[in-house]
Amino acid sequence: MASEDVKTGESAVSTIVNLAEEAKLAREGVKAPSHALLSICKSLIAGGVAGGVSRTAVAPLERLKILLQVQNPHNIKYNGTIQGLKYIWRTEGFRGLFKGNGTNCARIVPNSAVKFFSYEEASKGILWFYRQQTGNDDAQLTPVLRLGAGACAGIIAMSATYPMDMVRGRLTVQTEKSPRQYRGIAHALSTVFKEEGPRALYKGWLPSVIGVIPYVGLNFAVYESLKDWVLKTNAFGLVEDNELSVTTRLACGAAAGTVGQTVAYPLDVIRRRMQMVGWKDAASIVTGDGKLKAPLEYNGMVDTFKKTVRHEGFGALYKGLVPNSVKVVPSIAIAFVTYEMVKDVLGVEVRISD
């Protein structure tokens, strides 16, 4: 039954994607990839602003998600979204809700800038190469090619900023009772480097790369395809003067975020747990205040997956899914809309095929 539902969903998505591709047939073709410095700078700025704004808007939910993912299962402090947010407010105050957000923005701004820019350039390059190979100047991006462009963008951006993400996870789970405090992102990076070695800065990198493919790839593919489908068909009368409203763009971004995060979420839990391994004087949330069983030690992605399921059940792979689901929809939607609005202000063409 589950497989039938999946096939039905894939068929529906394929139909939407195919309609979206047909909408581009009458548009102008693209030229070989352009690397004009001004265009690059504008794309980077738009992507950076989009990432910073969207993450700040949902910072409390982002912190709670990570706390749920890595807390010691033998000493539960955070039990659900509402209870978890209340507990943070009661024990750490308003600032506690945004702990780690500065570090997250420091990471997400360059990450989003590189990701959005890489996606557009990869899309242009792939489409140009595809047309050269097929000899068809009117050829358009297929769903698979879009997925590939999105995945490439995600891997490039994630790899470039991964050490910042690794220490951001540790900074986020620190509480006032933590045995030793990282004083900031620079102090955390230098401490991990000296005490655990340079390889420690890339703990959890492999599941992150694997998760990028469905998460970022589907985000871009579904968003662009839905947007183009609505423009072509004027579905529900949402198109005005060949443009989509902010609300419609938000809806497309929300759908894209929901699909991507649902598929990739277990890998996010695995990478977070791998990032905590080897942390000397780990935060009390990870060690359980030292009163109960110590956190499990993991040796690689597969070992982390096996031990998590064996000791906590399959549901542990989805710890923090509720606050993540609540945050990811507005986060992704705001990111896409902010990105396009900033590009409009800067005078950058948004469409790949314009």
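Our next topic: the side chain of Thr103. Examined against the element boundaries, Thr103 turns out to sit in helix H5 (residues 101–134). If we ignore the near neighbours within four places in the chain, the residues touching Thr103 are Arg168, Leu171 and Ile185.

Looking at the chain as a whole, the pLDDT averages 79, with 85% of positions reaching at least 70. Overall, residues 1–35 carries pLDDT values under 50, and its contacts beyond four positions in sequence, including any with other chains, amount to 45 contacts. Residue range residues 350–354 is modelled with pLDDT below 50. Its contacts to residues more than four positions away, or to other chains, number 23 contacts.

Given 3.6 residues to a turn, an α-helix orients residues that are three or four positions apart in the same direction. Compared with an ideal rise of 1.5 Å per residue, which puts 34 residues at 50 Å, H5 spans 47 Å between its outermost C-alpha atoms and is within 8% of the ideal. At Ile108, H5 shows its maximal bend, which comes to roughly 25°, and the proline Pro110 appears one to four places after that position. Following H5 by one or two positions, Gly135 has its phi on the positive side, about 70°.

So, on to the nonpolar core. Across soluble globular proteins, nonpolar side chains have a tendency to be buried as a group. Among the nonpolar cores identified, the biggest contains 47 residues, and Tyr78, Val173, Val192, Trp279, Ile285 and Val286 are the most heavily contacted of them. Once you skip the residues sitting within four places of it in the chain, Val192 turns out to touch Met166, Val167, Arg170, Tyr182, Gly197, Ala200 and Leu201. The next biggest cluster of nonpolar side chains, apart from the first, holds 5 residues, and it includes Trp229, Val230, Ala235 and Val239.

Structurally, the position occupied by Arg273 is in helix H9 (residues 246–276). Accessibility expressed as a relative area gives 5% for Arg273, which makes it buried. Within polar-contact distance, the side chain of Arg273 engages the backbone oxygen of Gln69 at 3.0 Å. With residues up to four places along the chain from it excluded, the contact list for Arg273 reads Gln69, Val70, Tyr298, Thr304, Thr308, Glu312 and Lys319.

Within this structure, the stated rule accounts for 20 salt bridges. A salt bridge links Lys327 to Glu62; the shortest N-O distance between them is 3.0 Å. Remark: Glu62 occurs in helix H3 (residues 59–70) and Lys327 occurs in helix H12 (residues 321–346); sequence separation between them is 265 residues. Note on accessibility: Lys327 and Glu62 belong to one class, buried. Among the charged side chains, a salt-bridge network with shared partners connects Glu62, Lys65, Asp165, Arg168, Asp268, Arg271, Arg272 and Lys327.

H9 packs onto helix H8 (residues 205–233) with a crossing angle of 175° between their chain directions and a minimal axis gap of 8 Å. Compared by their axis directions, H8 and H9 come out roughly antiparallel. Residues that form the contact of H8 with H9 fall into these classes: 18 nonpolar, 8 polar and 3 charged.

Bringing the environment of Val167 into the picture now. Note that Val167 resides in helix H6 (residues 143–173). Looking at Val167, the relative accessible area reads 1%, which means it is buried. A C-alpha to C-alpha distance of 7.6 Å links Val167 and Leu201, two positions 34 residues apart in sequence. Residue contacts for Val167: discarding those within four places in its chain leaves Ile185, Ala188, Leu189, Val192 and Leu201.

Over its 12 residues, helix H7 (residues 185–196) extends 16 Å from the first C-alpha to the last, a length consistent with the 16 Å expected when each residue adds 1.5 Å. Among all positions in H7, only His187, Ala188, Thr191 and Val192 are buried. In an axial view of H7, the angular spread of the buried residues amounts to 125°, which keeps them on one side of the axis. Exposed and oriented more than 90 degrees from the buried face of H7 are Ala186 and Lys194. Residues of H7 that are buried make contact with H6. Downstream of H7 by a residue or two, Gly197 has a phi angle that is positive, lying close to 90°.

Tracing the sequence through the fold places Pro266 in helix H9. Residue classification places Pro266 among the buried positions, given a relative accessible area of 15%. With near-sequence residues (within four places) excluded, Pro266 lies in contact with Leu317 and Tyr318.

Another aspect to go through is the packing of aromatic side chains. Using the criterion set out here, one finds 7 aromatic pairs in the structure. For the ring pair Phe94 and Phe98, a centre distance of 5.3 Å and an interplane angle of 50° mean the geometry is tilted. The partly exposed category is assigned to Phe98, whose relative accessible area is 29%. Residues Tyr265 and Tyr318 carry aromatic rings whose centres are separated by 6.2 Å and whose planes lie at 20° to one another, so their mutual orientation is stacked.

Thresholds, definitions, all that
Residues numbered from 1 in each chain as written. Predicted model: local features only at pLDDT ≥ 70, side-chain atom pairs only at ≥ 80, totals over all residues. Heavy atoms only, no water. Helix = DSSP H or I, 4+ residues; strand = E, 2+ residues; numbered from the N terminus. Contact = heavy atoms within 4.5 Å. pLDDT = per-residue confidence, 0-100. Expected span 1.5 Å × (residues − 1). Bend = angle between axes of the 7 residues up to and from the residue. Core = buried A, V, L, I, M, F, W, Y, C linked by side-chain atoms within 4.5 Å. Buried < 20%, exposed > 50% of the residue type's maximum accessible area, 1.4 Å probe, protein only. Polar contact = N/O pair within 3.5 Å; in protein donor to acceptor, adjacent residues only side chain to side chain. Salt bridge = Lys/Arg side-chain N within 4 Å of Asp/Glu carboxyl O. Axes fitted to C-alpha atoms, helices over the stretch in contact; angles between N-to-C directions. Parallel < 35°, antiparallel > 145°, perpendicular 65-115°, else oblique. Nonpolar A, V, L, I, M, F, W, Y, C, P; charged D, E, K, R; others polar. Arc of directions from axis to C-beta. Phe/Tyr/Trp six-rings, centres within 6.5 Å; stacked < 30°, edge-to-face > 60°.

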